[in-house]
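# Examination of the molecular architecture
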Amino acid sequence: MQITPTKIKDIAAIINAEFIGDENHLITGFNEIHRVVSGDVVFVDHPKYYDKALQSEASTIIINKKVECPQGKALIIHDDPFTAFNQLTQHFQPKQYSTHQISATAKIGKNTIIMPGCFIGNNVAVGDNCILHPNVIIYDNCEVGNNVIIHAGTVIGSDGFYFKNRKTHFEQLLTCGRVIIKDDVHIGANCTFDKGVTSDTIIGKGTIIDNLVHVAHDVVIGEMCLFAANVAIAGCCNIGNRVTMWGQVGISSDITIGDGAVIQAQSGVGENIAAGKVYFGTPATEARAKMKEVFAVKQLPSLIHKLYEK
């Protein structure tokens, strides 16, 4: 989330916190750790991740312990950085709910067809020559390019699945990002696309997505990808161009998949995949190696039987 450049002393005052650094140090945005850039604030509330946050591109870190401040950065000290981050999100992007089927602030392109039951939220932009089939939902601030087809029941821009386990409840991290769908994308029925926590979930130009696919927060998908039914992609993954995922593939969070990779059906991916590789199985490994493993396992009963015969 980008904001008008604001001094750290003013940010700290919003959450009633002290800060370390120049009081005129400027903050230009808020982001979670996977998407931070220079000028951003990031939060960290566990010692395991202190170094990652302090050494990230973030210019300002909300942290729950006084530590040495890296050169050129600033710290905001708060007992509960998670809640503090939520307070800042609420301050700079308060919720504004639309009660109209198509918000008055939405922009719809030429020759776009919107079928009955669709909901289009505040500040949504839908391009030219699109088809939105019945009951498509597009949440606030999302963008859809030209020549996009979205089939019935698909939801664009729902909240990211990001919660902190408290003793009595789960506290949600408020999500204020967007979903951006580029030109010529085709999306099947009953798919779900979570908006970025503070950045954007992006579906690249020409990508084809089958029914019942879930794409989590802050995922970036390249151009001309092909995803079959029941694919599920966890948050903050980076997927290259012309990647193919067949049915029921599951991708763990923060995974990078190179251009042209193919992931065969019912695979579970827990590590990065290089460009042009074909992967299979759970945990997914290169398909040829996995098939050799499967073949070897099938031979075990006969080998064991022969050993007993001796």
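A brief structural summary. In this text the structure is predicted, and so the values were computed from the model without any measurement.

When helices and strands are counted, the chain shows four helices and 34 strands. Taken along the three principal axes of its C-alpha coordinates, the chain extends 80 × 55 × 40 Å. For the chain, with 310 residues in total, the buried portion stands at 43%. The contacts of the chain with a sequence gap of at least 6 include a subset with a gap of at least 24, amounting to 24%. Looking at the chain, you have 26 positive and 30 negative side-chain charges, and the mean spots of the two groups are 6 Å apart.

Summed over all chains, the structure comprises eight salt bridges. Asp80 is paired through a salt bridge with Arg166; the nearest N and O atoms lie 2.8 Å apart. Remark: Arg166 occurs in the loop between strand E16 (163-165) and strand E17 (170-172) and Asp80 occurs in the loop between strand E6 (74-77) and helix H3 (81-92); sequence separation between them is 86 residues. On the accessibility criterion, Asp80 (21% relative accessible area) is partly exposed. One salt bridge connects Arg178 with Asp200, and the closest N-O pair in it is separated by 2.9 Å. With Arg178 in strand E18 (residues 178-181) and Asp200 in strand E21 (residues 200-203), this pair connects stretches of sequence that are 22 residues apart. Assessed through its relative accessible area of 25%, Arg178 is described here as partly exposed. The class of Asp200 is buried, set by a relative accessible area of 16%. One network of salt bridges, with partners in common, ties together Asp80, Arg166 and Glu171.

Another aspect to go through is the sheet that holds strand E22 (residues 208-209). Here ten strands make up an open sheet; going across it, the order is E8-E11-E14-E19-E22-E25-E28-E31-E33-E34 and the pairing mixed. Strands with a single pairing partner mark the edges of an open sheet, and in this sheet they are strand E8 (113-114) and strand E34 (285-286). With two bridges joining them, E22 and strand E25 (residues 226-227) adopt parallel strand pairing. Bridging across to E25, Ile209 finds its partner in Phe227.

What follows covers the sheet that holds strand E12 (residues 137-138). Read across the sheet, eight strands follow the order E9-E12-E15-E20-E23-E26-E29-E32 without closing on themselves; strand pairing throughout is parallel. Of all strands in the sheet, those bounded by a partner on one side alone are strand E9 (119-120) and strand E32 (268-269). Pairing geometry for strand E20 (residues 192-194) and strand E23 (residues 214-215), over two bridges, is parallel. Each residue of the ladder has a partner; that of Phe193, found in E23, is Val215.

The next thing to look at is the packing of aromatic side chains. One pass over the structure, following the stated rule, counts five aromatic pairs. With a centroid separation of 6.2 Å and an interplanar angle of 80°, the aromatic rings of Phe30 and Phe85 are classed as edge-to-face. Placement of Phe30 in strand E3 (residues 26-30) and of Phe85 in helix H3 is noted, with a sequence separation of 55 residues between them. Overall, Phe85 belongs to the buried group, its relative accessible area being 0%.

Moving on, we come to the side chain of Ser158. Mapping Ser158 onto the fold places it in strand E15 (residues 155-158). Accessibility expressed as a relative area gives 14% for Ser158, which makes it buried. Residues within four places of Ser158 in sequence aside, it is in contact with Tyr139, Phe193, Asp194 and Lys195.

Okay, the pairing of strand E4 (residues 40-44) next. Across the five residues of E4, five count as buried, placing the element largely inside the fold. Side chains Asp40, Val42 and Val44 project from E4 onto one buried face, and the interleaved Val41 and Phe43 project onto a second face that is buried too. Alignment of E3 against E4, held across two bridges, turns out to be parallel. When the sheet's bridge partners are listed, Phe30 is paired in E4 with Val41. In this structure, E4 lies alongside strand E5 (residues 60-63), joined through four bridges in parallel fashion. Within E5, the position partnered with Val44 by the bridge is Ile63.

In this model, Thr282 is joined to Pro283 through a cis peptide bond whose omega is -5°. Within the fold, Pro283 resides in the loop between strand E33 (278-280) and E34. Positive phi, close to 70°, is recorded for Asn141, a residue that is not glycine. Locating Asn141 in the fold gives a position in the loop between E12 and strand E13 (143-144). Assessed through its relative accessible area of 23%, Asn141 is described here as partly exposed.

For H3, built from twelve residues, the straight-helix expectation of 16 Å at 1.5 Å per residue is met to within 8% by its first-to-last C-alpha distance of 16 Å. Tucked inside the fold, the buried residues of H3 contact helix H1 (8-14), E3, E4, E5, E16 and E17.

Calculation rules
- Residues numbered from 1 in each chain as written.
- Predicted model: local features only at pLDDT ≥ 70, side-chain atom pairs only at ≥ 80, totals over all residues.
- Heavy atoms only, no water.
- Helix = DSSP H or I, 4+ residues; strand = E, 2+ residues; numbered from the N terminus.
- Buried < 20%, exposed > 50% of the residue type's maximum accessible area, 1.4 Å probe, protein only.
- Contact = heavy atoms within 4.5 Å.
- Lys, Arg positive; Asp, Glu negative; His and termini not counted.
- Charge placed at Lys NZ, Arg CZ, Asp CG, Glu CD.
- Salt bridge = Lys/Arg side-chain N within 4 Å of Asp/Glu carboxyl O.
- Pairing = 2+ DSSP bridges.
- Phe/Tyr/Trp six-rings, centres within 6.5 Å; stacked < 30°, edge-to-face > 60°.
- Expected span 1.5 Å × (residues − 1).

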